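In case you want the letters, here they are:
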Amino acid sequence: MKRLNPEYVQAVLEFVNQGPYFRLLSMTVQKMGMGFARVEMAVENKHLNPSGGVHGGVYSSLIDTATYWAVFCEVDEDAGLISLDLQVDNLASAREGQCLTVEGKRIKTGKSICLAEAVVVDSQGRHLAHGTSKQMVIPGMPSISQRVSSLGYSPLPPKYI
């Protein structure tokens, strides 16, 4: 059985949390491992819709992120991964100043299709949104390690030990 390299996970977390979209939304992937991921975000004015609640697209982005990273660690090191679809149920609104936590969990990792789910909760544990996502494994698609190298960063350690 493959064992995930903790040094790899830490390097990937540092890299992805510097990404422009993650910085735009002020979300961070806090943890990831075999079959799970945790994403956090403090609600700011930029996340709000005209009614003063969190825009549904923010929930969608959080769920897409948590589900993607929940299956990422189980995909071969030399393969790429893309989201195929995303289904989100918005259950309640969050307001500025609230901290949101999103727990992503793998449901199934297949050779070509993966399925995961995620729940967005506030600091009181209230469920704000739930979603599922399918991702496609694409052998030969540029991997995260290749992306890191192409941008001039230090190479990532091996994914598995």
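To start, this report covers the structure provided alongside it. As the structure is a computational prediction, the values presented were derived from the model and not from experiment.

1. Comments concerning the pairing of strand β5 (residues 113-121)
Now for step 1: In terms of strand pairing, strand β4 (residues 99-109) meets β5 through 8 bridges, oriented antiparallel. Note that in β5 the partner of T109 across the bridge is C114.
Now for step 2: In textbook terms, the turn of a hairpin is the stretch between consecutive antiparallel strands, and for β4 and β5 this stretch comprises 3 residues.
Now for step 3: As paired elements, β5 and strand β6 (residues 127-139) share 9 bridges and run antiparallel to each other. Opposite V120, over in β6, you have A129 as the bridge partner.

2. Here's the deal with the environment of E74
Now for step 1: Relative to the assigned elements, E74 resides in the loop between α3 (56-72) and β3 (79-90).
Now for step 2: On the basis of relative accessible area, E74 is assigned to the buried category, the value being 17%.
Now for step 3: A sequence separation of 72 residues divides E74 from K2, and the C-alpha atoms of the two residues are 8.5 Å apart.
Now for step 4: Discounting residues that sit within four places of it in the chain, E74 has contacts with K2, M34, G35, R106, T109 and Y160.
Now for step 5: Separated by 3.3 Å, the side chain of E74 and the backbone nitrogen of G35 make a polar contact.

3. Notes on helix α1 (residues 6-16)
Given 3.6 residues per helical turn, the α-helix brings residues three or four places apart onto the same face.
Now for step 1: For α1, the set of buried residues is Y8, V9, V12, L13, F15 and V16. Here the buried residues of α1 occupy an arc of 165° about the axis, which is enough to place them on one side. For α1, the exposed residues lying more than 90 degrees away from the buried face are P6 and E7.
Now for step 2: Residues of α1 that are buried make contact with α2 (20-25), β1 (27-33), α3 and α4 (144-150).
Now for step 3: N-cap assignment for α1: the residue whose side-chain oxygen lies 3.0 Å from the backbone N of E7 is N5.

4. What to know about the pattern of salt bridges
Now for step 1: This structure, assessed with the given rule, holds 6 salt bridges.
Now for step 2: In this structure, R38 engages E103 in a salt bridge whose closest nitrogen and oxygen atoms are separated by 3.2 Å. One end of the pair, R38, is in strand β2 (residues 36-42); the other, E103, is in strand β4, and 65 residues separate them in sequence.
Now for step 3: In this structure, K46 and E44 form a salt bridge, with 4.0 Å as the shortest nitrogen-oxygen distance.
Now for step 4: If you follow the salt bridges from partner to partner, you end up with R38, E40 and E103 in one network.

5. Describing the nonpolar core
Now for step 1: Formed by 45 residues in total, the largest nonpolar core has its most connected members in V12, M32, W69, F72, L100 and I144.
Now for step 2: The dominant element in this core, judged by the number of residues it contributes, is α3, at 10 residues.
Now for step 3: Non-local contacts of V12, meaning those with residues more than four positions away in its chain, are made with M32, W69, F72, I144 and L156.

6. Considerations on unusual backbone geometry
Now for step 1: Positive phi values are uncommon outside glycine, yet S26 reaches one of about 60°.
Now for step 2: One can find S26 in the loop between α2 and β1.
Now for step 3: Of the residues examined, S26 reaches a relative accessible area of 26% and is grouped as partly exposed.

Cut-offs used in this document
- Residues numbered from 1 in each chain as written.
- Predicted model: local features only at pLDDT ≥ 70, side-chain atom pairs only at ≥ 80, totals over all residues.
- Heavy atoms only, no water.
- Pairing = 2+ DSSP bridges.
- Helix = DSSP H or I, 4+ residues; strand = E, 2+ residues; numbered from the N terminus.
- Buried < 20%, exposed > 50% of the residue type's maximum accessible area, 1.4 Å probe, protein only.
- Contact = heavy atoms within 4.5 Å.
- Polar contact = N/O pair within 3.5 Å; in protein donor to acceptor, adjacent residues only side chain to side chain.
- Arc of directions from axis to C-beta.
- Salt bridge = Lys/Arg side-chain N within 4 Å of Asp/Glu carboxyl O.
- Core = buried A, V, L, I, M, F, W, Y, C linked by side-chain atoms within 4.5 Å.

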